[in-house]
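Residues per chain are reported as follows:
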Amino acid sequence: MPGSPLRNGASHLVRVEAGASATIRTRTTNEGALEVRGASAFLTLPVQQVRNTGWLGAYDGGVLTLRDTGTAPMLLHNTGGVIEAGAGSRVVLSDGHPATGHRTTIRGGTLAGAGVFEAYRLVALDGGTDGALTIASGGTVRAFSGSNLYLGGDIVVDGRLDLADTTGPLSGPGTLWIAGDVRLGGGGDTAFTVGSEMRILG
C-alpha cells in the first residue's frame, strides 16, 4: 500500500471543524477519535485500508465520506470500533469511481447515530470475516436506487436498513446481494421504501 501510515492514538482527537474540508490519503489506524463536526465541514478518506478501534464520526451537519482510491477498493476494519452519523449529519459510503468496479467494504463493528449512512454504487457490509456488524438502535443505512449493497455474515439490525429510496443521484433498480451465508437479526427492521424495484440476488 502506498504512503506512510497514520496512527491516531487512543487519547487523541483529530477534528475537521465547520467550514473546513480535509482529505486523508494514507492508510490509517484510528484508536482514538476522528471526526468532522459542523456545517459545511467535510472529511474524505479515499484510502485502501483503514483500521478503526475507536470512533469515526460526522456531527452537527458534517459529512464523512469513505470511498475507494480510484485504483484500489477500500477496506475498513471496524471490529471493536464505532462509525457514527450524528443527528443532521451523513456518512457517505461509495466506490467513488463507478468505472473501476471497486467496492467500499465495512467489516464488523457498529454503525450508530441519528444521522444517515448513505450507500452508493458498490458497498459491502461484512459481518462474517471479523465478527458481526451492527446497525445500532436509531441508526439508518440507506441504499439508494441504482446501487449495489452486498451483505455477508451476521448483520444485526437494531436500527433500520432502508432499501430502494429514490432521492439519490442514481437511477434504475437497486440490488441487495447476499454474499454467502447471511443472517439478518436484531430488533430493528429492513424496509423496502418508496421507489423503483429493489432486487435481492444471491
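Cut-offs applied
Residues numbered from 1 in each chain as written. Predicted model: local features only at pLDDT ≥ 70, side-chain atom pairs only at ≥ 80, totals over all residues. Heavy atoms only, no water. Helix = DSSP H or I, 4+ residues; strand = E, 2+ residues; numbered from the N terminus. Buried < 20%, exposed > 50% of the residue type's maximum accessible area, 1.4 Å probe, protein only. Areas by Shrake-Rupley, 256 points an atom, 1.4 Å probe, with all protein chains shown as cover. Contact = heavy atoms within 4.5 Å. Phe/Tyr/Trp six-rings, centres within 6.5 Å; stacked < 30°, edge-to-face > 60°. Lys NZ or Arg CZ within 6 Å of the ring centre and 35° of its normal. Polar contact = N/O pair within 3.5 Å; in protein donor to acceptor, adjacent residues only side chain to side chain.

Colleague: Even after reading the chapter, I still don't get the overall build of the chain, so can you show me in this structure?
Modeller: Broken down by element type, the chain carries zero helices and 23 strands. The 202 residues of the chain split such that 51% are buried. Here the chain has roughly 8500 Å² of accessible surface; of this, 50% comes from carbon and sulfur atoms.

Colleague: Got a minute to help me understand the environment of Thr 53 in this structure?
Modeller: With respect to the helices and strands, Thr 53 occurs in the loop between strand S7 (49-52) and strand S8 (55-59). Residues contacting Thr 53, with those up to four places away along its chain left out, are Asn 30, Glu 31, Thr 79, Gly 80 and Gly 81.

Colleague: Before we go on, may I ask you to explain the packing of aromatic side chains in this structure?
Modeller: Each aromatic ring pair is characterised by the separation of its centres together with the angle its planes make. Tallied over the full model, the rule gives one aromatic pair. Plain terms: the ring middles of Tyr 150 and Trp 177 are 5.8 Å apart, the flat faces sit at 10° to each other, and that makes the pair stacked. Here Tyr 150, found in strand S19 (residues 148-157), pairs with Trp 177, found in strand S21 (residues 174-185); they are 27 residues apart in sequence, far enough to count as distant. If you follow Arg 103 out to its NZ or CZ, it ends over the ring of Tyr 150, 3.7 Å from the centre.

Colleague: Whenever I open this one, the side chain of Ser 89 confuses me. Can you help?
Modeller: Inspection of the secondary structure puts Ser 89 in the loop between strand S11 (82-85) and strand S12 (90-94). Judged by its relative accessible area of 3%, Ser 89 is buried. One polar contact links the side chain of Ser 89 to the main-chain amide nitrogen of Tyr 59, over a distance of 3.4 Å. Within the structure, the side chain of Ser 89 is placed 3.1 Å from the backbone nitrogen of Asp 60, a separation counted as a polar contact. Beyond its immediate chain neighbours, meaning those up to four positions away, Ser 89 contacts Ala 58, Tyr 59, Asp 60, Gly 61, Gly 62, Gly 115 and Val 116.

Treat this as a map of the structure, not an account of what it does.
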